Every structure is written in C-alpha cells, then in structure tokens.
Amino acid sequence: MSMQQIHPSPTPVILIIGAADTGRAPIAVALLRRLAQERGHTWQIASAGVVGHDDDPLHPTARDALAVMGLTLDDHVARSLTDDLAHTAHLLIAVDSGIAHVLRNRYPQATIYSLGELAGRSRDIPDPAGMQIGAWLHYSREMEQLLKAGFERITTILSGNNVVEESPPLASPPSPPPLHSERRDVCVRATRLLDAIQAMPDVIDWPAARGRLQATLAELIPLATEPTDLTMLYVEALNRWLDRQTSTPSADRITRLRTAIERGQHPVGQSEVADLMRWPD
C-alpha cells in the first residue's frame, strides 16, 4: 500500500513502533523525550505497536526499569499503529529491524529507521518480555545509548521543512548457512520443558517455568535470517499469550502450544502470526 505523508502538525512528530506497545517502544519514548528536552527540542514523541494490544498498560517490569532510570510513564496506554498515525508522523522509529521491515512494506513512502540504523550499528534490542528486571534495565540502557548515538541523525531528518528522505537500504550481508538445526534445538528444549510441566503440574512452579519457557523461545528471534521471516512477531505473540496464563495451562492448551513451538523450527509468515493473535485467553 502506498502512502503519502501529510504532516499536519508544524511540530515534528516521532512515532516509536514496537510489537505490542507495552515494553520497548514506550521505554524508548520516555528516553527520547528526556534527551530531546535536555537539548531544547519540542518534538512530539509517542509510540504504537504492530501486533495490537490496545488499551493495555505499560508492562510492570518496564515501569520499574523506567523508575530506576528516573523516568515515569504511568499514563501510557498501548495502541495499534494505524494509517492515520503513520500519515502524520515525520519519522517512524522501529525498535528492531524486523519491525522496520514490516513498516517499510506497509508504508513505503514513510521515513523509517530502526534504532540500530539511527545509531549506525547492526544491533537489535531483544524483547525482554518474561525476563527479570535486570534484563529490562540492561536493554533500556542499551536503547538509551542507541538513541544518544543516533540523536544527531534524528535532528537532521527532522530539519529542513520536514523533507522526507529515503529510508536506508537494508543491508545485504552474505547469505549465512541454514540455521534450522539451531532453531530445532531451541524448540526441542522448549517442548521438553512442556513435557515436564505436563507430567508434574502440581509440582512445577508455573510462573518460574513460564519465564524459563519465554526466555527459551526468545532465543529463536536472532535465528531469523530471511527478510520475510516474522519469527520475532511470532515469538512475541506466543509470549504475550503465555503472560495471560495465570495458572498451569490445561492439557489441550499445552498440546496447542507444543504445535506452535514446533512450527517455530522453520521461518514463519503473517498467517502464522495472525493465527496466534486469535488464540483465546
């Protein structure tokens, strides 16, 4: 779908785009707002998500990490990225290259950078969903460093009558060897954990097992090597579903989860992600 940016606001508008808009994206908003304020800029900085968890609050551990860094975002409410929001933004900043790829396919005329691209680094910040606060703090501080390194480029993009510059070309590194075997190893470890949960539901500490399972699934994200592979969003959807399971899932749900995890041994597309998003709580 083609898009012509409108920019009705004379004040530059920056949208930081994450997956669910409950973790990395709002954290980056708070960090960039502070950097902009320190440098005397009055930009409008907000966030949205491509997966869609509308009206969800900020992830509690994200809130705690921000508090440690001297920031608050208590009024944050997650929202989905819409065409209207994208049309009015002067700059879309994706929290990682996978989301940047989704945005470029959806809005080819928009000015889009990932955090790593702005900083001139080939670095994506992992999603710390399901991890402890130490991981959230580590990745939040790393996002702050990327924003500091990319701040001059952000200023350049937003200057000069809001001219839309071309999005940077995606890097084309040499094709790496197939990683399906590594993906398989990750999925096997995850399904073995499911076996233990199913065999000893009254003994297993579900919150701890869930966190371990989510951390294992997150290992699939860097193994996505194809531009059309949406493993990052797939894992995000799985982990968000797991977040909503407050007690050990039933046998039927574990069987369905096992099938979804086994599917992660190979690249996944939009239909697989959409299917996960329709899973009932």
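Each remark here, short or long, concerns the structure printed above.
Notes on the structure follow. None of the values given here were measured: they were computed from a predicted structure.

Moving on to the pattern of salt bridges. Overall, the coordinates contain 11 salt bridges when judged by the stated rule. Across the pair Arg34 and Glu144 runs a salt bridge whose closest N-O atoms are separated by 3.3 Å. Here Arg34 is found in helix 1 (residues 24-38), whereas its partner Glu144 is found in helix 6 (residues 133-158), with 110 residues between them in sequence.

Of all hydrophobic cores here, the largest spans 87 residues; its most connected members are Ile14, Ile16 and Ile99. Here this core takes 10 residues from helix 6, the largest share from any one element. Ignoring any residue separated from it by four or fewer positions in sequence, one finds Ile16 in contact with Ala25, Ala28, Val29, Leu32, Ile45, Ala46, Ser47, Ala48, Ile93 and Val95.

Take the sheet that holds strand 2 (residues 44-49) next. Here we have four strands laid out as an open sheet, ordered 2-1-3-4, and parallel in their pairing. The sheet is open, and its two borders are formed by strand 2 and strand 4 (112-114), each paired with just one other strand. Geometrically, the sheet is characterised by an average inter-axis angle of 25 degrees between neighbouring strands, direction not taken into account. The pairing of strand 1 (residues 13-18) with strand 2 spans six bridges and is classified as parallel.

Time to look at empty space enclosed by the protein. Counting across every chain of the model gives three cavities of 30 Å³ or more. Of the voids in this model, the largest cavity is the one considered here, and its volume is about 60 Å³. Among the elements of the structure, helix 1 and helix 9 (231-243) are those that each provide at least two residues to the lining of the largest cavity. In the lining of the largest cavity, the residues fall into three nonpolar, three polar and five charged. In this structure, the second largest cavity occupies an estimated 40 Å³ of space. Taken together, Asp127, Ala129, Ala218, Ile221, Val235, Glu236 and Asn239 form the lining of the second largest cavity. When its residues are assigned to classes, the lining of the second largest cavity shows four nonpolar, one polar and two charged.

Rules behind the numbers
- Residues numbered from 1 in each chain as written.
- Predicted model: local features only at pLDDT ≥ 70, side-chain atom pairs only at ≥ 80, totals over all residues.
- Heavy atoms only, no water.
- Salt bridge = Lys/Arg side-chain N within 4 Å of Asp/Glu carboxyl O.
- Helix = DSSP H or I, 4+ residues; strand = E, 2+ residues; numbered from the N terminus.
- Core = buried A, V, L, I, M, F, W, Y, C linked by side-chain atoms within 4.5 Å.
- Buried < 20%, exposed > 50% of the residue type's maximum accessible area, 1.4 Å probe, protein only.
- Contact = heavy atoms within 4.5 Å.
- Pairing = 2+ DSSP bridges.
- Axes fitted to C-alpha atoms, helices over the stretch in contact; angles between N-to-C directions.
- 1 Å grid on protein atoms, 1.4 Å probe; cavity = no way out; pocket = protein on both sides within 12 Å on 5 of 7 lines; lining within 4 Å.
- Points joined across faces, edges and corners; volume = space filled by probe spheres on them.
- Nonpolar A, V, L, I, M, F, W, Y, C, P; charged D, E, K, R; others polar.

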